[in-house]
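For reference, the chains in residue letters:
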Amino acid sequence: MIDVVAIDGGTSSTDKSRPSGSRRARRVRMTGAERREQLLDIGRTLFAEKGFEGTSVEEIAAKAGVSKPVVYEHFGGKEGLYAVVVDREMRQLLDMVTGALTAGHPRELLEQAAFALLDYIEMYTDGFRILVRDSPVAQSTGTFASLISDIATQVEDILGLEFKARGFDPKLAPLYAQALVGMVALTGQWWVDARRPKKAEVAAHLVNLAWHGLGSLEAKPRLIGHRKS
């Protein structure tokens, strides 16, 4: 499938005042796959800025330079476009977090999880804003809460081993995993707008609270892993 993006003409087809050779017609075409990606990019930006309800098919089509039926042809409507955008962002975040969890030491594991989420927020700010909104569209992959639960599942296996080694009940690992990952996620929702302190400092304070508890907080929390920024 080939879509016409734009026609740039110096005069209209009915303008007889200038020779036809002086008219400039430029057609830029997109394949179906290219058009789909363009609509996804535009939709992602608008959903992040205005939310699902505040974004219209008309606006998406206008910014893409196409008619409304083109949007319907690719996604069946605004809901379909939104669903694909959310699914992509959830997969991106999950891949970044689970891919970062490589350390054997539990404290560095916490650092890696905190950095992974903060990295995602910094690199994919629009995507994060979309994820943390209340979605009116049912997703096959669930909601942001279910995504956090998926990430926590990756953490609980490692916590379970650590609990067992320290003589704690490993059955409590899922509870602690949800608490730790949820704490980082909620802090991320605040940091996406605040952006202060710097990312490394936020990660250090998150790990400080999680690792030491309120009763043993370090006055100047430090990072022990290789990530310092």
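Residues numbered from 1 in each chain as written. Predicted model: local features only at pLDDT ≥ 70, side-chain atom pairs only at ≥ 80, totals over all residues. Heavy atoms only, no water.

Taking an unreviewed UniProt entry as the reference, the chain is identified by name as TetR family transcriptional regulator belonging to Streptomyces lunaelactis.

Asks: Which residues make up the overall build of the chain, and what are the values?
Replies: What the chain contains, in helices and strands, is 9 helices and 2 strands. The order of α-helices and β-strands along the chain, N terminus first, is β-β-α-α-α-α-α-α-α-α-α. When each of the 229 residues of the chain is scored for burial, the buried share is 42%. Sequence separation of at least 24 residues holds for 66% of the intrachain contacts in the chain that already meet a minimum separation of 6. For the chain, the computed accessible surface area is about 12,600 Å², with 53% contributed by carbon and sulfur atoms. (Helix = DSSP H or I, 4+ residues; strand = E, 2+ residues; numbered from the N terminus. Buried < 20%, exposed > 50% of the residue type's maximum accessible area, 1.4 Å probe, protein only. Contact = heavy atoms within 4.5 Å. Areas by Shrake-Rupley, 256 points an atom, 1.4 Å probe, with all protein chains shown as cover.)

Asks: Explain the nonpolar core residue by residue, including any values.
Replies: Core analysis: the biggest nonpolar cluster contains 60 residues, and Ile60, Leu93, Leu131 and Phe144 have the highest contact counts within it. When residues no more than four places from it in sequence are discounted, the contact partners of Phe144 are Met90, Leu93, Phe128, Leu131, Val132, Ala185 and Gln189. (Core = buried A, V, L, I, M, F, W, Y, C linked by side-chain atoms within 4.5 Å.)

Asks: Got a sec to walk through the packing of aromatic side chains? Specific residues and values, please.
Replies: The final tally for this structure, using the stated rule, is 7 aromatic pairs. Both rings, one in Phe163 and one in Phe168, keep their centres 5.8 Å apart while their planes meet at 90 degrees; by these two values the pair is edge-to-face. The class of Phe163 is buried, set by a relative accessible area of 10%. By relative accessible area, which is 48% here, Phe168 ends up partly exposed. The ring of Trp191 has Arg195 sitting right over it, with the charged end atom 5.0 Å from the ring centre. (Phe/Tyr/Trp six-rings, centres within 6.5 Å; stacked < 30°, edge-to-face > 60°. Lys NZ or Arg CZ within 6 Å of the ring centre and 35° of its normal.)

Asks: How would you summarise helix H8 (residues 173-194) if you had to cite specific residues and measurements?
Replies: Given 3.6 residues to a turn, an α-helix orients residues that are three or four positions apart in the same direction. Compared with the 32 Å implied by 1.5 Å per residue over 22 residues, the 31 Å span of H8 between its first and last C-alpha is a close match. Buried residues along H8 sit against helix H5 (106-123), helix H6 (125-132), helix H7 (144-165) and helix H9 (199-212). Positive backbone phi, at 55 degrees, marks Arg195, one or two positions downstream of H8. (Expected span 1.5 Å × (residues − 1).)

Asks: Talk me through unusual backbone geometry; I want residue IDs and the actual numbers.
Replies: With an omega dihedral of -5 degrees, the bond running from Arg196 to Pro197 counts as a cis peptide bond. You can see Pro197 is positioned in the loop between H8 and H9. Here the phi dihedral of Arg195 falls at roughly 55 degrees; this positive angle occurs in a residue that is not glycine. Secondary-structure assignment places Arg195 in the loop between H8 and H9.

Asks: Break down a nonpolar patch on the surface for me, with residues and values.
Replies: Taken together, Leu172, Leu175 and Tyr176 make up a surface patch of nonpolar side chains, about 300 Å² in accessible area. Relative to the assigned elements, Leu175 resides in helix H8. Look at Leu175 and you get exposed, because its relative accessible area is 55%. (Patch = residues over 30% accessible without salt bridge, like charges linked within 9 Å, V, L, I, M, F, W, Y side chains within 5 Å. Salt bridge = Lys/Arg side-chain N within 4 Å of Asp/Glu carboxyl O.)

Asks: Lay out the environment of Gly43 with the relevant residues and their values.
Replies: Tracing the backbone through its elements, the reader meets Gly43 in helix H1 (residues 32-54). Note on Gly43: relative accessible area 0%, which makes it buried. C-alpha of Gly43 to C-alpha of Tyr82: the two residues are 39 residues apart in sequence and 7.2 Å apart in space.

Asks: Account for the side chain of Thr55, with residues named and values stated.
Replies: Checked against the element boundaries, Thr55 lands in the loop between H1 and helix H2 (57-64). At a separation of 3.3 Å, a polar atom in the side chain of Thr55 contacts the main-chain carbonyl oxygen of Leu46. Discounting chain neighbours no more than four positions away, the residues touching Thr55 are Leu46, Phe47, Lys50, Ile60 and Lys78. (Polar contact = N/O pair within 3.5 Å; in protein donor to acceptor, adjacent residues only side chain to side chain.)

Asks: Describe the side chain of Asp87, listing the residues and the values that go with them.
Replies: Relative to the helices and strands, Asp87 is located in helix H4 (residues 78-100). Here the side chain of Asp87 touches Arg91 through a polar contact of 2.9 Å, side chain to side chain.

Asks: Give me the UniProt feature "DNA-binding region" (unreviewed entry) in the chain: which residues, what numbers.
Replies: Mapped onto the present numbering, the UniProt feature "DNA-binding region" (unreviewed entry) falls on residues 56-75. With 80% helix and 0% strand, residues 56-75 has its two end C-alpha atoms placed 14 Å apart. (UniProt positions renumbered as here; feature names shortened; annotations may be inferred.)

Asks: Explain the pattern of salt bridges to me, and be specific about the residues and the numbers.
Replies: Across all of its chains, the model carries 9 salt bridges by this definition. With a closest N to O distance of 2.9 Å, Arg91 and Asp87 form a salt bridge. On the criterion of helical spacing, the pair formed by Arg91 and Asp87 is a turn pair, its members being 4 residues apart in helix H4. Between Lys199 and Asp119 there is a salt bridge, with the nearest N and O atoms lying 2.6 Å from each other. With Lys199 in helix H9 and Asp119 in helix H5, the pair connects residues that are 80 residues apart, well separated along the chain. Asp119 matches Lys199 in its accessibility class, with the two residues each being buried. Look at the salt bridges and you will find they share partners, linking Asp119, Glu122, Lys199 and Arg227 into a network.

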